[in-house]
Amino acid sequence: MNLEDYTVLDLTWLLPGPYGTMLLADMGAEVVKIEEPTRGDYARWIEPEVKSTESGALFQSVNRNKKSVTLDLKSDEGHETFLRLAAEADVVFEQFRPGVVDRLGIGYEDVRKINEEIVYCSLSGYGQDGPYSDRVGHDINYVGVSGLLGETVSKDGTFPAVPAYQIADKAGGMFSAFMIVSALLDREAGNGGQYLDVSMTDVVTSLSTGQSWRAFMSDELPERERSPAAMEAPCYHVYRTKDGKHVTIAAREEKFWEQLLEELDRTDLREYQFATGDEADYVRGELQSEFEKRTRAEWEAYLSEETMFAPVNEFGEVFEHPQLRARGMVHEMELDDGETFSYVGFPAKSSSEIEDMRSPAPGFGEHTEEVLSRVVTEERLTAFKENDIV
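The structure contained in this document is the topic of the report that follows. (Residues numbered from 1 in each chain as written. Predicted model: local features only at pLDDT ≥ 70, side-chain atom pairs only at ≥ 80, totals over all residues. Heavy atoms only, no water.)

## Regarding the packing of aromatic side chains
Two numbers describe a pair of aromatic rings. These are the distance of the centres and the angle of the planes.
Reasoning step 1: Counted by the stated rule, this structure contains 16 aromatic pairs.
Reasoning step 2: Judged by centre distance (6.2 Å) and plane angle (65°), the ring pair of Tyr 165 and Phe 315 falls under edge-to-face. Here Phe 315 lies in helix α15 (residues 315–318) and Tyr 165 lies in the loop between α7 (148–151) and α8 (167–191), a separation of 150 residues in the sequence.
Reasoning step 3: For Tyr 165, a relative accessible area of 47% puts it in the partly exposed group.
Reasoning step 4: Judged by relative accessible area, which is 54%, Phe 315 ranks as exposed.
Reasoning step 5: Here the aromatic rings of Tyr 272 and Tyr 282 are separated by 6.2 Å at their centres, their planes lie at 75°, and the arrangement is edge-to-face. Of the two residues, Tyr 272 is situated in the loop between α12 (254–264) and α13 (277–291) and Tyr 282 in helix α13; the sequence distance between them amounts to 10 residues.
Reasoning step 6: Residue class for Tyr 282 comes out partly exposed when judged on its relative accessible area of 41%.
Reasoning step 7: Taken together, the ring pairs connect Tyr 239, Phe 291, Trp 299 and Tyr 302 into an aromatic cluster.
Reasoning step 8: Directly above the ring of Tyr 302 sits Arg 294, whose terminal nitrogen or CZ lies 3.9 Å from the centroid. (Phe/Tyr/Trp six-rings, centres within 6.5 Å; stacked < 30°, edge-to-face > 60°. Helix = DSSP H or I, 4+ residues; strand = E, 2+ residues; numbered from the N terminus. Buried < 20%, exposed > 50% of the residue type's maximum accessible area, 1.4 Å probe, protein only. Lys NZ or Arg CZ within 6 Å of the ring centre and 35° of its normal.)

Structure below.
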């Protein structure tokens, strides 16, 4: 899988856009981060710091395989230089609030005048239109509006539980990468460039597809089937083990429920697979008593591969799990002074090689001269440095 013939101008920062452009870079695209000269991507300065790079661990985690160029887009020279780069690029990916790129003179219409084939992606919290489009926000706001937070409730069902991962940020970045690759494919078919408007809130709302019927059919369903508690049947639950750790059971199909009960020697519970109310409490209690008889590791060794069972890994255990290691989901890369930094790998495999660990995250402005020399003279680049344009 190879996008090496494509150049992406990356006007994103922190997590959402950088995660998406990292996926494109992993697939071989030349991704050029355009960073403001005085501070760059905010993630560079968020602690903890990776000492040998003088940048934050978050920045290192989502910016591998990219190049960094510093450029003041508010200056006339910086604006002109960006448009020269855009004239030769394949993709512009921006993450400003709606309207900002137009005010800077680098919006889709500005770029399209000089490059009709450009694929231009705008990623934002709520999208480019609608009553929320101008609102500021972060991940928790987007998962709140999309319904995910309201469905992810505490055990007593009284308070939303904040997801441990930034789901909207990464889903938005991933969906942007998907849309960009799709648009490039469409362009190859002769349909020209296009504008992409990706909303993180829209993407998370799309993730509700498998559950949305509960809202659309609410007038026809009893309360218990309308609530997130419908997902907490005894056959689909988390149970605590003898050592205080946890396991997941997902025996929603009858044959898997029967398989589990046979291996637990609790076939007396067969009729309670989707029990509700007091009956559900009773069955969960009975199964909890069973799982407290062994440790998590003992259950993993005891139950067969035909049971819908898996351990709940604590975060520090995830990246040592043999399945993830076997799949190449953890890589260590050596930095300049011999220090190593661990990365989460590209989340798919292909018969066409994906070189997802070519280079660590770039230094601040590391590739400014290399990239800008494509569109400006050496003398002009020197003047840019003297006037703090780069």
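## Things to note about the sheet that holds strand β7 (residues 119–124)
Reasoning step 1: Spatially, six strands are ordered β5-β2-β1-β6-β7-β8 in an open sheet, and the strand pairing comes out parallel. The sheet is open, and its two borders are formed by β5 (66–70) and β8 (194–199), each paired with just one other strand. Across the sheet, the mean angle separating the axes of adjacent strands is 20° when strand polarity is ignored.
Reasoning step 2: With four bridges joining them, strand β6 (residues 91–94) and β7 adopt parallel strand pairing. Among the inter-strand pairings, Phe 93 is bridged to a residue of β7, identified as Cys 121.
Reasoning step 3: Across the sheet, helix α3 (residues 76–88) lies against β1 (7–11), β2 (30–35) and β6, angled at about 145° from β1, the strand it touches most. (Pairing = 2+ DSSP bridges. Axes fitted to C-alpha atoms, helices over the stretch in contact; angles between N-to-C directions. Contact = heavy atoms within 4.5 Å.)

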